[in-house]
Amino acid sequence: MRHFRSAALAAAALLTFGGGALTAAPAAQAAVPFPSIGWQQRNCDYDGNGFDDVLTGAPGATVSGAAGAGYVTVQYSSSSGLSTTRKSVLSQNTPGVPGGAEAGDGYGRAVASGDLDDDGYDDAIVGIPGEDLAGLSDAGGAVVFWGSPTGLHGSDSTWLENPERPRAGAKFGRAVEAARYFAPDPADPDADPRDSIAVLENDTLLFFTAPPGAARQLKPADEGARAPDAAPAATGFAPRSLSHGNFNEDPWADLAVSGVTTGDQPGIGTTRVLHGAPGAGELGDGGTFQGGPAVTAGDFNHDGQDDLAVGDTGSGSSLGGSVSVHLGKGDLSGLDPVPAQKWTQDSPGVPGQAEAGDRWGAEMSAGDTDGDGRPDLAVGAPGEDIGSTSDAGAVWALRGAPGGLTATGARSFDQNHSGIPGVAEASDRWGGQVRLVDADKDGRCGLLAAAPGENTDDGYVWVLPASSSGLTAQGTWTYDAARLGVTAANAQFGAAIDE
């Protein structure tokens, strides 16, 4: 048990979620539109060679005898694609990493990336929601690893926690996301550009940023920031996931916070968007949207502005789950509150049939799988039954088209699909994580489909290739923690994969 505190962490930027009045600062204004950032602008090149690397969490892994301590793996990419030999493995027992591996830490339950010091090398953020601090069980923490020409190393790492009030059960680090939500110095917003970190606790959102001239030092952002209520009146909100994009054409990334309601009507999926601004205390109200707790961003109608896909698997959602797409309105006002499209397994052209418990839309990722310049959408359904095999899981791909997503050419994949290695088994949860990534930089994103429950919670990842007609099962290959040289038993490898 350890407690890390830095003088730099003197005050927190807290955005609290709960019942209350809706208040928000106005969004920042822009002289000219700014382009989509939701899927074209990946930020996971840790060694700066121009190829997207892959950061994967194994939060159930045993480290030095501590069950559930967890680790993350980093796979570096090149023109040959994703490597299983050029890699890093990072845990709290890695030399230089703050703390130590302890049972139940859940290190790697959440992961994210961004260039936090504007040095051209992307940095990694690892959430540790089960970390105990000063006798406070599951207070939570996070570690930042700084990118370099040789990738990520324990010697280059920084600790984060709630600096004001670590609380038992808060689970700081249950979700993390990095983007340029605001300027390090609001008085000079164009100077020293860099990404900032958004960190979720159970009911609180905090921001951390590196101040101007303070490379590799992180402190809480503007302590005056307060969140508008993210749920309907007379109920609370439990945030669960984060995603970012540029929904209103200004210079700042916008943050989508998705979760479920609490209180009198619990479990209803709800998503709240916060518009970026020059200062953290000026984050604007980008609207509240039905559905959750999964979100991802992409320019689905190809108009240069990001749109928001909301996966709804909460209470009262469509049978089996659904995905709604809210389009940007082409101005500073942001997203249209009325979805332009709503997809289920029963939508015409979508393979399969909606069934209770499918959780279709529990995981999503946007990327161009066929090289036509339009983002497609991968949709995971970890609760999908394959025949009589319960919760085996499956993944769908909806194609991008000039007016938005289309079912024309839609495909589904599972472990019983011809060309996919393995066989569907109960509770594999194949598609529990899905990520579209262009590891070899050929302009087409292949699919990483994780099954954290494979081999009784060991976890595996499948790599589905891309082609001129989209994703294909032919040529699919797999890897697990053992192939990367790490302990695999009950690791839940693939429970988190960075976008």
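Residue indices follow the written sequence of each chain, beginning from 1 at its first position. Only residues with pLDDT of 70 or above have their local features reported here, since the model is predicted, and side-chain atom pairs are shown and tallied only from 80 upward, although totals for entire chains, interfaces and linings are computed over all residues. Excluded from the side-chain calculation are hydrogens and water; included are all heavy atoms of the structure.

## A short note on the sheet that holds strand S26 (residues 446-451)
Inference 1: At least two bridges found by DSSP between two strands is the condition for calling them paired. Secondary structure elements follow DSSP: runs of H or I no shorter than four residues count as helices, runs of E no shorter than two count as strands, and numbering proceeds from the N terminus. As summarised here, the arrangement of the 4 strands in space is S25-S26-S27-S30, forming an open sheet in which the pairing is antiparallel. Of all strands in the sheet, those with a lone pairing partner are strand S25 (433-437) and strand S30 (477-480), marking the two edges. Neighbour to neighbour, the strand axes of the sheet diverge by 20° on average, direction disregarded.
Inference 2: As defined by bridge partners, S25 adjoins S26 across 5 bridges and the pair is classed as antiparallel. Each residue of the ladder has a partner; that of Val 434, found in S26, is Ala 449. Under this scheme, a helix contributes an axis fitted over its contacting stretch, all axes are lines through C-alpha atoms, and angles between N-to-C directions fall in the 0 to 180 degree range.

## With respect to the pairing of strand S10 (residues 196-200)
Inference 1: Within S10, 5 of the 5 residues are buried, which leaves the element mostly enclosed by the surrounding structure.
Inference 2: Three exposure classes are used, based on accessible area relative to the maximum for each residue type with a 1.4 Å probe and protein chains only: buried under 20%, partly exposed in between, and exposed over 50%. Both faces of S10 are covered, namely the face carrying Ser 196, Ala 198 and Leu 200 and the face carrying Ile 197 and Val 199.
Inference 3: Of the strand pairs in this sheet, S10 and strand S11 (residues 204-209) are connected by 4 bridges, and their pairing is antiparallel. By the bridge assignment, Ile 197 is partnered in S11 with Phe 208.
Inference 4: Two successive antiparallel strands, S10 and S11, enclose a turn made up of 3 residues.

## Observations concerning the pairing of strand S15 (residues 269-275)
Inference 1: Across the 7 residues that make up S15, a large majority, 7, are buried.
Inference 2: For strand S14 (residues 254-263) and S15, the ladder comprises 6 bridges, and the chain directions are antiparallel. Considered in S15, the bridge of Ser 258 is made with Thr 271.
Inference 3: Two successive antiparallel strands, S14 and S15, enclose a turn made up of 5 residues, where Gly 267 displays a positive phi of approximately 85°.

## A look at the environment of Ala 394
Inference 1: Relative to the assigned elements, Ala 394 resides in strand S23 (residues 394-401).
Inference 2: Take Ala 394: its relative accessible area is 3%, and that puts it in the buried class.
Inference 3: Taking the C-alpha atoms as reference points, Ala 394 and Val 379, separated by 15 residues in sequence, lie 8.6 Å from one another.
Inference 4: Should any heavy atoms of two residues lie within 4.5 Å, those residues are counted as being in contact. Excluding anything up to four places from it in sequence, Ala 394 contacts Val 379, Gly 380, Ala 381, Glu 384, Ile 386, Phe 413, Asp 414, Trp 430 and Gly 431.

## Things to note about the confidence of the model for the protein chain
Inference 1: Chain-level pLDDT for the protein chain is 88 on average; 89% of the residues reach the 70-or-more range.
Inference 2: Think of pLDDT as the predictor's per-residue confidence, scored from 0 to 100. Low pLDDT, under 50, characterises residues 1-14; the predicted model gives this stretch 62 contacts beyond four residues in sequence or across chains.
Inference 3: Low confidence marks residues 224-234, where pLDDT is under 50. Its contacts with residues over four positions away, or in another chain, come to 31 contacts.

## Remarks on the packing of aromatic side chains
The geometry of an aromatic ring pair comes down to the distance between the two centres and the angle between the two planes.
Inference 1: Any Phe, Tyr or Trp ring, taking Trp's six-membered ring, that has another such ring centre within 6.5 Å forms a pair; planes under 30 degrees apart are called stacked, those over 60 apart edge-to-face, and the others tilted. Scanning the entire structure with this criterion turns up 8 aromatic pairs.
Inference 2: Ring geometry for Trp 430 and Trp 462: centres 5.9 Å apart, planes at 75°, overall edge-to-face. Note that Trp 430 is positioned in the loop between strand S24 (404-413) and S25 and Trp 462 in strand S27 (residues 460-464), a separation of 32 residues in sequence.
Inference 3: Judged by its relative accessible area of 0%, Trp 430 falls in the buried class.
Inference 4: Classification of Trp 462 as buried rests on a relative accessible area of 2%.
Inference 5: A ring pair is formed by Tyr 479 and Phe 493, whose centres lie 6.0 Å apart and whose planes are at 70°; its orientation type is edge-to-face. You can see Tyr 479 sitting in strand S30 and its partner Phe 493 sitting in the loop between S30 and strand S31 (496-497), a full 14 residues away along the chain. Phe 493 matches Tyr 479 in its accessibility class, with the two residues each being buried.
Inference 6: Taken together, the aromatic side chains of Tyr 181, Phe 182 and Phe 207 make up a single cluster linked through ring pairs.

## Things to note about the sheet that holds strand S8 (residues 157-160)
Two pairing modes exist for strands in a sheet, parallel and antiparallel, and in both the strands are linked by backbone hydrogen bonds.
Inference 1: If you trace the 4 strands from one edge of the open sheet to the other, you get S5-S6-S7-S8, paired in antiparallel fashion. A strand with exactly one partner marks an edge of an open sheet, and here the two such strands are strand S5 (110-114) and S8. Here the strands of the sheet are splayed against their neighbours by 20° on average, with no regard to which way each runs.
Inference 2: Examined bridge by bridge, strand S7 (residues 141-145) and S8 share 4 bridges and lie antiparallel to one another. Bridge pairing in S8 links Ala 142 to Leu 160.

## Looking at the pattern of salt bridges
A side chain with one charge can pair with a side chain of the opposite charge if their charged atoms come near.
Inference 1: Definition used for salt bridges: Asp or Glu carboxyl oxygen within 4 Å of a side-chain nitrogen of Lys or Arg. In total, this model carries 13 salt bridges according to the counting rule given.
Inference 2: In this structure, Arg 272 engages Asp 285 in a salt bridge whose closest nitrogen and oxygen atoms are separated by 2.5 Å. Within this pair, whereas Arg 272 is found in strand S15, its partner Asp 285 is found in strand S16 (residues 284-290), the two being separated by 13 residues in sequence.
Inference 3: One salt-bridge network, in which partners are shared between bridges, spans Asp 117, Asp 119, Asp 156 and Arg 216.

## Section: the environment of Gly 269
Inference 1: Positionally, Gly 269 belongs in strand S15.
Inference 2: What Gly 269 contacts, discounting residues up to four positions off in sequence, is Gly 259, Val 260, Gln 290, Gly 291, Gly 292, Asp 312 and Gly 314.

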